[in-house]
Amino acid sequence: MGIRRVVAISGSHSVSSKTVALVDAVLRELTSADIECEHVAVRELNPVALLSADFGDESLTSFLRMVGHAHGLIIATPIYKASFTGLLKAALDILPQFAFAGKVVMPLGTGGSLAHVLALDYGLRPVIQSMGARHIVQSHFVVEGDFSKDDQRINVDDPRWSGLRHACTNFLHSLTDDGRAAMLGHPRPAA
Ligand SMILES: Cc1cc2nc3c(=O)[nH]c(=O)nc-3n(C[C@H](O)[C@H](O)[C@H](O)COP(=O)(O)O)c2cc1C
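Let me begin by describing the structure that accompanies this report. The structure presented is a predicted model; accordingly, all values stated were derived computationally and were not measured.

Thresholds, definitions, all that
Residues numbered from 1 in each chain as written. Predicted model: local features only at pLDDT ≥ 70, side-chain atom pairs only at ≥ 80, totals over all residues. Heavy atoms only, no water. Helix = DSSP H or I, 4+ residues; strand = E, 2+ residues; numbered from the N terminus. Rg over C-alpha atoms; globule rule 2.2 N^0.38 Å. Buried < 20%, exposed > 50% of the residue type's maximum accessible area, 1.4 Å probe, protein only. Areas by Shrake-Rupley, 256 points an atom, 1.4 Å probe, with all protein chains shown as cover. Lys, Arg positive; Asp, Glu negative; His and termini not counted. Charge placed at Lys NZ, Arg CZ, Asp CG, Glu CD. Near = heavy atom within 4 Å. Polar contact = N/O pair within 3.5 Å; in protein donor to acceptor, adjacent residues only side chain to side chain. Nonpolar A, V, L, I, M, F, W, Y, C, P; charged D, E, K, R; others polar. Contact = heavy atoms within 4.5 Å. Core = buried A, V, L, I, M, F, W, Y, C linked by side-chain atoms within 4.5 Å. Axes fitted to C-alpha atoms, helices over the stretch in contact; angles between N-to-C directions. Parallel < 35°, antiparallel > 145°, perpendicular 65-115°, else oblique. Left-handed = near helix turned anticlockwise from the far one by under 90°.

### Considering the overall build of the protein chain
Summing up its helical and strand segments, the protein chain has six helices and six strands in all. When its helices and strands are written in sequence order, the protein chain yields β-α-β-α-α-β-α-β-α-β-β-α. Against the globule reference of 16 Å for 191 residues, the protein chain gives a C-alpha radius of gyration of 16 Å, in line with a compact fold. Going through the 191 residues of the protein chain one by one, you find that 46% of them count as buried. Carbon and sulfur atoms make up 54% of the accessible area of the protein chain, which amounts to about 9,600 Å² in all. Here the protein chain carries 17 positive and 19 negative side-chain charges, and the mean point of each set is 4 Å from the other.

### A short note on the site of the ligand
If you check the shell around the ligand, you find 16 residues, and the closest are S12, S17, T19, I79 and E144. Within the backbone of A82, a nitrogen or oxygen atom sits 2.8 Å from an oxygen atom of the ligand. In the complex, 73% of the free accessible area of the ligand, which totals 640 Å², lies under the protein chains. Those elements giving two or more residues to the shell around the ligand turn out to be α1 (18–31) and β4 (104–111). Of the residues assigned to the shell around the ligand, the class counts are four nonpolar, nine polar and three charged.

### Some words on the environment of R28
Tracing the backbone shows R28 in helix α1. In this structure R28 comes out as partly exposed when scored by relative accessible area, which is 32%. Each C-alpha atom, one on R28 and one on C168, is 10 Å from the other, the two residues being 140 residues apart in sequence.

### Things to note about the environment of Q138
Mapped onto the secondary structure, Q138 falls in the loop between β5 (135–136) and β6 (140–143). Owing to a relative accessible area of 52%, Q138 belongs among the exposed residues under this scheme. When neighbours within four sequence positions are excluded, Q138 is seen to be in contact with M106, P107, R125 and N170.

### Quick look at the nonpolar core
In this structure, I9, F63, L73, I75, L92 and F100 are the most contacted members of the largest nonpolar core, which totals 35 residues. Those elements that place two or more of their residues in this core are β1 (5–10), α2 (47–51), α3 (58–69), β3 (72–78), α4 (86–93), α5 (119–130) and β6. The element best represented in this core is α5, accounting for five residues. Those residues in contact with I9 that sit more than four places away from it in its chain are V40, V42, F63, V67, L73, I74, I75, A76 and L88. Counting 26 residues, the second largest nonpolar core, distinct from the first, contains V6, V23, L108 and V137.

### A word on α4
Those residues of α4 that sit buried are L88, A90, A91 and L92. Buried residues along α4 sit in contact with β1, α2, α3, β3 and α5.

### Some points on the packing of α1 against helix α6 (residues 162–174)
At a closest axis distance of 10 Å, the pairing of α1 and α6 adopts a crossing angle of 55°. Here α6 runs oblique to α1, going by the angle between their axes. α6 is crossed by α1, and the crossing has right-handed handedness. Here L22, A25, V26, E29 and L30 of α1 come into contact with α6, specifically with L164, R165, C168, F171 and L172. Partitioned by chemical class, the residues of the contact of α1 with α6 number eight nonpolar, no polar and two charged.

Here it is in structure tokens:
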């Protein structure tokens, strides 16, 4: 199997984002398994270019290039108003219709309570599916109360994060180069 590349896209407004802390924990785990990882926080893209789909903007072209070259994607969001964020949707909307064709996707979320855990599967998953993903692995949701008060850093080796560790392992296995698996999902559009 050649080099595998994963791009995480996170859609929080916050500078000290719990969702970003969750993404960072997963990316550390993937990096230790020799996966090349990059993280795009949508709030750091040029906002005017994002909202006007200005593809002349370097932050947008680089974002599109990264997604195009990725084998796997992590799509991460806090829950705002019972759903994934508008910021994340704005980023998904500027990607091509079948931007996820041939790719494996892991949805991640954080929220104030478990009441909205299914927003990942009822709200975000259909959008990812419509973008042609070959496989969307089990999503993982973390309640904000599970983060420690003074340090948001997650250690997946801690037994209380064993569910997240399992989700990472699942995602890693799904990043296989298996030719039959590559036939799943929407056919890859010609490059
Ligand atoms: C504008 C806004 C709306 C929110 N709406 C919800 C909600 O509907 N359901 C929920 O469980 N949490 C809600 N929350 C709580 C966030 O999902 C939670 O604090 C999350 O961990 C924040 O992640 P972040 O630090 O990455 O932004 C909301 C937070 C904000 C700021």
